[in-house]
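Chain residues, written in single-letter form:
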Amino acid sequence: MPIRSLVVDDEPLARRRVLRLLKAEPEAEVAGSAASGDEAVEAIRSLSPDLVFLDVQMPGTDGFGVLEALGPGEMPYVVFVTAYDQYALRAFEVHALDYLLKPFDAPRFHRAFGRARAQIRRRETREHRTRLISLLGDLAAGREAPDPAPGAAQPMDRLLVRSDGRILFLRAEEIDWIGAQGNYAELHVGADAYLIRETMGELEARLDPGRFLRVHRSTIVNLDRVRELRPWFGGDYRVMLHDGTELHLSRVYRARAAERLGTPL
């Protein structure tokens, strides 16, 4: 029996690519596709697919919202398709849930389909549903967490940076923007740049969220340095700084930016 598969992604190009990869799998049957979370819920209920390739970041009802709308008995086997950075992907790994990190190649897709096919064939979807429900429970707990109590850890206001044998005391407010450089982060301060061994996720968690905004998996910007946002391709934006620097606000981080800035994007 073929594995009946549904593809959910709001980006037409991404949706078509997954459909094309699915058609190259001998044991796959394309059950359909959906361009939004609401469409996905309807398609899962009407088509009862064995497997869903589910985009996480979508306007309106996102991938997690799709799962929340379905009862445990309606949940198919899910492979998440996401542009989340490695820091955020730990949630999937902790719950042993498979994901495709955009951009992915054909061999990576083939491996994900193969793992899903094996578990579906072995009738292990109940265990998979349990992991999905556990993930949703953890996400709900995070959303409902109370505000930090008085005396809780405050955002850092300075960083220690090594440069030419010296140790600089750099105030966080001096940073214009931060870019990822492998296992390091590069702090841009005026005409200078300093490397520190921290991930973007770690820095984002420690910096003042009222001042710094993650605009891309590899970029954090000091909002005080932003002059304007310019619409770009595919729902992305160009972030223009006062010194002429241009950064990229990706679609993945657009909703978070709109909420922080208090304006639709």
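Residues numbered from 1 in each chain as written. Predicted model: local features only at pLDDT ≥ 70, side-chain atom pairs only at ≥ 80, totals over all residues. Heavy atoms only, no water.

Enquirer: What is the right way to read the nonpolar core from this model?
Expert: It is characteristic of soluble globular proteins that their nonpolar side chains tend to be buried jointly. Val-8, Leu-54, Val-66, Leu-67 and Phe-80 are the most contacted members of the largest nonpolar core, which has 25 residues in total. For this core, the secondary structure elements donating two or more residues are strand 1 (3–8), helix 2 (37–47), strand 3 (51–55), helix 3 (63–69), strand 4 (77–82), strand 5 (99–101) and helix 6 (125–143). Broken down by element, this core gets its largest block of residues, four residues, from helix 2. Once you skip the residues sitting within four places of it in the chain, Leu-67 turns out to touch Leu-54, Met-75, Val-78, Phe-80, Leu-132 and Leu-136. (Core = buried A, V, L, I, M, F, W, Y, C linked by side-chain atoms within 4.5 Å. Buried < 20%, exposed > 50% of the residue type's maximum accessible area, 1.4 Å probe, protein only. Helix = DSSP H or I, 4+ residues; strand = E, 2+ residues; numbered from the N terminus. Contact = heavy atoms within 4.5 Å.)

Enquirer: Is there a simple way to explain the packing of aromatic side chains in this structure?
Expert: What describes a pair of aromatic rings is the distance from one ring centre to the other and the angle between the planes of the rings. Considering all chains together, one arrives at four aromatic pairs under this definition. Seen in terms of ring centroids, Phe-53 and Phe-109 are 4.9 Å apart; in terms of plane orientation they differ by 25 degrees. Their pairing is stacked. Pair noted here: Phe-53 is in strand 3 and Phe-109 is in helix 5 (residues 106–121), with a separation of 56 residues, a long-range link. Taken together, the aromatic side chains of Phe-53, Phe-104 and Phe-109 make up a single cluster linked through ring pairs. A cation over a ring is seen here: Arg-17 above Phe-104, with NZ or CZ 5.0 Å from the ring centre. (Phe/Tyr/Trp six-rings, centres within 6.5 Å; stacked < 30°, edge-to-face > 60°. Lys NZ or Arg CZ within 6 Å of the ring centre and 35° of its normal.)

Enquirer: Hey, could you run me through the environment of Leu-203 in this one?
Expert: Take Leu-203: it is sitting in helix 7 (residues 200–206). Taking the relative accessible area as the measure of exposure, Leu-203 reaches 0% and is therefore buried. Separated by 25 residues in the primary sequence, Leu-203 and Ile-178 place their C-alpha atoms 9.2 Å from one another. Once residues within four sequence positions are removed from consideration, Leu-203 is found in contact with Met-156, Leu-159, Ile-178, Ala-185, Leu-187, Ile-196, Glu-198 and Ile-220.

Enquirer: Can you help me understand the packing of helix 1 (residues 12–23) against helix 5 in this one?
Expert: A pair of packed helices can be characterised by two numbers: the angle between their axes and the separation between those axes. Contact pair helix 1 / helix 5: the axes reach a minimum separation of 11 Å and the direction vectors enclose 65 degrees. Comparing the axis directions of helix 1 and helix 5 gives the class roughly perpendicular. The interaxial crossing formed by helix 1 with helix 5 has right-handed handedness. Listed contacts from helix 5 to Arg-17, Val-18, Leu-21 and Leu-22 of helix 1 are Ala-106, Phe-109 and Phe-113. (Axes fitted to C-alpha atoms, helices over the stretch in contact; angles between N-to-C directions. Parallel < 35°, antiparallel > 145°, perpendicular 65-115°, else oblique. Left-handed = near helix turned anticlockwise from the far one by under 90°.)

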